[in-house]
Amino acid sequence: MQDPAGVYRKEIEKHRQALQKLLAKRSRLGWIRLFVFIATIAIAYQVFVSTGLAGLIVVAAGLALLLFLVSLDVNNNRKIANTKTLIRINEEELEILSHRYHHRFDGSGYMPEVHSYANDLDLFGKASLFQWINRCHSEQGRYLLAQNLLQPLDIETVRLRQEAVSELAADTGWRQQLQAFAMETAITVKTETRARAWLDEEHRQFSGRGWSIFVLTYSCITLASVLAAILGYIPAGIFSFLFAVYFTIATVLSRNTIRPYLQLSGIVKEIDTLRQLVSWIEGKSFSSPLLKKLCEDARPANGSAAAEIGQLKAILDRFDLRLSILGMLFFNSFLLWDVRQMIALNSWRHKNKALLPHWFRLIAEIEVLGSLSTLRFNEPGWCWPGWSQDTFLLVAGQAGHPLIQAEKRVLNDFRLQGEPGIAIITGSNMAGKSTFLRCLGVNMVLARTGAPVCANSLLLPPVDLMSSMRIADNLAENTSTFYAELKKLKTIIEAVNSRRPVFILLDEILRGTNSLDRHTGSAALIRQLIQQKAVAVIATHDVELAALQQEFGTALENYHFDVQVEGEELYFDYRLKPGVCKSLNASILMKKIGIRLNEA
């Protein structure tokens with residue numbers, strides 16, 4: 001079992017050493033470029049003075065060498081930037097291991113207004129599950145991860161994901177390089193939407209085969225006239241007239257390229273990031289069925305997906321020449337440059353129309369799997385959940401809340417079997433009732449996402465999760481806390497009455513009403529849940545509800561969290577115990593804040 005922190009420190013040291021070498025190389029290249037520039041000028045001057053035009057050959061050779069050195073420097077600078085990103089990734093992983101992650105993207109925008117459990121379990125927002133596990137940088141990847149947390153996957157998909165996550169978890173370097181590429185220029189939904197809109201359009205402009213012949217013939221004629229003018233066969237006045245004609249033809253034809261250009265302009269950097277990511281994925285040989293299928297679905301019939309994306313980027317790069325004076329006056333006028341790129345785009349679209357959506361989907365899926373794989377690597381002591389099939393069975397061995405630091409986390413065993421099955425957990429304030437409910441809920445969400453769970457062992461039923469724990473009023477809708485809870489309980493009751501297989505978490509039922517109505521309503525709800533063969537874990541301060549066990553026998557079990565009191569000090573062990581809670585702490589807490597209680 002590897003030590004994640006130790007691995008990350010070694011990676012940081014390795015990348016820092018590589019960075020020093022790259023910085024030294026950049027310095028050398030800078031001095032060499034300066035020397036070549038000075039030497040080229042000096043030698044060219046001497047040669048030009050003595051032999052005349054022969055000095056131009058020296059200048060050309062010097063410029064060629066300078067361009068070569070510049071290309072080396074550009075590649076070196078990209079490696080420098082990539083290495084710095086890898087260092088930053090490992091430093092951030094060390095921070096996350098220390099539970100310093102509240103500065104990261106929290107996904108609060110993905111929180112739905114109404115959901116069965118999202119708000120109760122802190123899935124999004126500051127200190128949330130999403131903020132902790134997310135390693136996606138594309139908008140598509142982040143959205144997919146959010147949807148996976150909100151909409152449980154079927155068990156077969158979960159099993160396939162577990163295999164894929166295990167495979168990726170073993171290759172930290174590959175996962176981190178994927179992250180580094182994704183961080184260069186984040187892929188956005190806007191870019192995918194623009195690309196898809198262009199793909200879905202009909203091939204109206206320059207789509208006929210005759211256009212290729214026309215462009216070739218036109219270019220031969222225009223370039224021949226240029227050559228004839230240089231050789232003196234065409235007078236300058238006539239050539240100027242011909243140029244005006246060429247310019248007019250090119251301008252008229254280019255008008256039909258404006259719409260697709262505007263659709264695709266500005267996406268080149270993201271397309272290049274897509275190419276890098278797909279190339280990195282294609283370069284790895286996977287063994288798990290899910291990863292193999294994702295790659296197969298994105299692979300062209302012949303060739304490489306990365307190569308096809310690279311062709312699109314090259315076309316868009318060439319298209320941008322229309323913005324330069326050289327492109328407008330020469331390339332367009334004499335070569336119909338815009339028309340050529342439109343013909344190339346039409347050909348590319350016809351070939352890859354069905355594949356482009358798969359490439360965006362591939363990146364999103366791999367990023368999500370990478371996020372879960374990092375969680376698997378960072379928490380080697382966690383387990384893969386198992387799934388009960390025949391009857392409702394939940395067995396947790398040493399389970400804890402994933403978002404609590406390991407050194408502060410208290411682990412508990414728990415078992416709930418059969419339908420109906422109600423567990424009532426009583427306990428004093430701050431003893432751990434709500435945290436335990438969230439422990440069960442968050443681990444179930446992780447399990448149905450394909451992630452490992454915070455437990456030594458966990459057997460879960462393949463049912464949907466529903467909860468009513470954190471209720472808030474809504475002034476905009478003129479909704480009180482009590483009515484808001486009733487609305488949530490209504491959805492749970494409807495699910496139970498329809499015999500939908502659900503696992504229910506309830507914390508302090510009907511807290512917004514008076515104590516008599518609260519007890520009466522809570523007892524009635526528990527009876528109804530048992531009658532409908534529901535399964536639920538209910539946390540409450542109302543110890544009188546525990547007496548329902550006498551009425552329903554094994555269908556209802558009592559558990560509790562207690563507190564030890566020494567003088568006016570409270571000590572919590574956060575251990576789940578069978579039976580009903582006997583120790584209460586509310587009076588001590590009230591005294592601590594200055595409320596004078598009658599002791600008579």
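This write-up is about the structure you can find in this document. Quick caveat: nothing in here was measured; it's all calculated off a predicted structure. (Residues numbered from 1 in each chain as written. Predicted model: local features only at pLDDT ≥ 70, side-chain atom pairs only at ≥ 80, totals over all residues. Heavy atoms only, no water.)

**Remarks on the nonpolar core**
Within soluble globular proteins, side chains that are nonpolar tend to cluster in buried spots. Counting 121 residues, the largest nonpolar core has Leu123, Leu129, Leu274, Phe414, Phe503 and Val537 as its most contacted members. The element that contributes the greatest number of residues to this core is helix α16 (residues 356-378), accounting for eleven residues. Once residues lying within four places of it in the same chain are set aside, the contact partners of Phe503 are Phe392, Leu394, Leu416, Leu440, Met444, Val463, Asp464, Leu465, Met466, Val535 and Val537. Listed in part, the 24 residues of the second largest apolar core include Ile422, Met466, Ile492 and Val496. (Core = buried A, V, L, I, M, F, W, Y, C linked by side-chain atoms within 4.5 Å. Buried < 20%, exposed > 50% of the residue type's maximum accessible area, 1.4 Å probe, protein only. Helix = DSSP H or I, 4+ residues; strand = E, 2+ residues; numbered from the N terminus. Contact = heavy atoms within 4.5 Å.)

**Observations concerning helix α17 (residues 433-449)**
Look at α17: 25 Å from first C-alpha to last across 17 residues, which is about the 24 Å you get at 1.5 Å a residue. Counting buried positions along α17 gives 15 out of 17 residues, so the element sits mostly inside the fold. Positive backbone phi, at 100 degrees, marks Gly450, one or two positions downstream of α17. (Expected span 1.5 Å × (residues − 1).)

**Things to note about the pattern of salt bridges**
The final tally for this structure, using the stated rule, is 21 salt bridges. For Asp171, the salt bridge is made with Lys284, and the minimal N-O distance between the two is 2.9 Å. Residue Asp171 is found in the loop between α5 (155-169) and α6 (172-184), and its partner Lys284 is found in the loop between α11 (268-282) and α12 (289-298); the two are separated by 113 residues along the sequence. Residue classification places Asp171 among the partly exposed residues on the basis of a relative accessible area of 26%. (Salt bridge = Lys/Arg side-chain N within 4 Å of Asp/Glu carboxyl O.)

**A word on empty space enclosed by the protein**
This structure, assessed with the given rule, holds three cavities of 30 Å³ or more. Its volume calculated, the largest cavity comes out at about 80 Å³. Among the secondary structure elements, those contributing two or more residues to the lining of the largest cavity are α6 and α16. Examining the composition of the lining of the largest cavity, we find that five residues originate from one element, α16, more than from any other. The residue inventory of the lining of the largest cavity, partitioned by class, reads three nonpolar, four polar and three charged. In terms of lining residues, the second largest cavity is bounded by Val278, Glu282, Cys295, Ala298, Arg299, Ala305 and Leu362. Mapped by element, the contributors of at least two residues to the lining of the second largest cavity are α11 and α12. Here the residues of the lining of the second largest cavity sort into five nonpolar, no polar and two charged. (1 Å grid on protein atoms, 1.4 Å probe; cavity = no way out; pocket = protein on both sides within 12 Å on 5 of 7 lines; lining within 4 Å. Points joined across faces, edges and corners; volume = space filled by probe spheres on them. Nonpolar A, V, L, I, M, F, W, Y, C, P; charged D, E, K, R; others polar.)

**Quick notes on the packing of aromatic side chains**
In the structure shown here, the tally under the stated rule is 30 aromatic pairs. Summarising the aromatic geometry, the rings of Trp198 and Trp348 are spaced 6.2 Å apart at their centres and angled 25 degrees between planes, so their arrangement reads as stacked. Separated by 150 residues along the polypeptide, Trp198 in helix α7 (residues 189-200) and Trp348 in helix α15 (residues 337-352) bring together distant segments of the chain. An identical accessibility class is assigned to Trp198 and Trp348; each is buried. Relative to Phe334, the ring of Phe330 lies with its centre 5.4 Å away and its plane at 40 degrees, an arrangement referred to as tilted. (Phe/Tyr/Trp six-rings, centres within 6.5 Å; stacked < 30°, edge-to-face > 60°.)

**Regarding α5**
Residues spaced three or four apart along an α-helix face the same direction, because each turn holds 3.6 residues. Over its 15 residues, α5 extends 21 Å from the first C-alpha to the last, a length consistent with the 21 Å expected when each residue adds 1.5 Å. Every buried residue of α5 is accounted for by Ile155, Val158, Arg161, Gln162, Ala164, Val165, Glu167, Leu168 and Ala169. Packed against the buried residues of α5 are α4 (139-150), α6, α12, α16, β1 (386-387) and α17. The opening residue of α5 is Asp154, an N-cap whose side-chain oxygen sits 3.2 Å from the backbone nitrogen of Glu156. (Polar contact = N/O pair within 3.5 Å; in protein donor to acceptor, adjacent residues only side chain to side chain.)

**Quick word on the pairing of strand β2 (residues 393-399)**
Counting buried residues along β2, five of its seven residues qualify, which places the element largely inside the surrounding structure. As paired elements, β2 and strand β3 (residues 412-417) share five bridges and run antiparallel to each other. Residue pairing for β3: Ala396 is matched across the bridge by Phe414. Pairing between β2 and strand β5 (residues 457-460): three bridges, direction antiparallel. (Pairing = 2+ DSSP bridges.)

**Quick look at a nonpolar patch on the surface**
There is a patch of nonpolar side chains on the surface, built from Trp31, Leu34, Phe37, Ile38 and Ile41 and spanning about 550 Å² of accessible area. Here Ile38 is to be found in helix α1 (residues 4-51). (Patch = residues over 30% accessible without salt bridge, like charges linked within 9 Å, V, L, I, M, F, W, Y side chains within 5 Å. Areas by Shrake-Rupley, 256 points an atom, 1.4 Å probe, with all protein chains shown as cover.)

**Considerations on the sheet that holds strand β9 (residues 556-561)**
Hydrogen bonds along the backbone pair up the strands of a sheet, which may run parallel or antiparallel. Ordered in space as β6-β7-β8-β4-β9-β12, the six strands form an open sheet in which the pairing is mixed. Of all the strands in the sheet, the pair left with one neighbour each is β6 (464-468) and β12 (577-578). The sheet contacts of helix α18 (residues 481-497) involve β6 and β7 (502-507), and relative to β6 the element is tilted by about 150 degrees. Those strands touched by helix α19 (residues 515-531) are β4 (421-427), β7, β8 (535-540) and β9, and its axis lies near 155 degrees from that of β4. (Axes fitted to C-alpha atoms, helices over the stretch in contact; angles between N-to-C directions.)

**With respect to the side chain of Asn76**
Mapped onto the elements, Asn76 comes out in helix α2 (residues 55-97). Engagement of the side chain of Asn76 in a polar contact is seen with the backbone oxygen of Leu22, the distance being 3.0 Å. The residues contacting Asn76, other than those within four sequence positions of it, are Leu22, Lys25, Arg26 and Leu29.

**Let's talk about the pairing of β8**
Summarising burial for β8: six of the six residues are buried, a large majority. Judged by which residues are buried, β8 turns out to be covered on both faces: Val535, Val537 and Ala539 on one side and Ala536, Ile538 and Thr540 on the other are all buried. Bridging between β4 and β8 involves six bridges; their strand directions are parallel. Bridge pairing in β8 links Ile425 to Ala539. Summarising the sheet, β7 and β8 pair through five bridges and their orientation is parallel. Its bridge partner lying in β8, Phe503 is registered against Val535.

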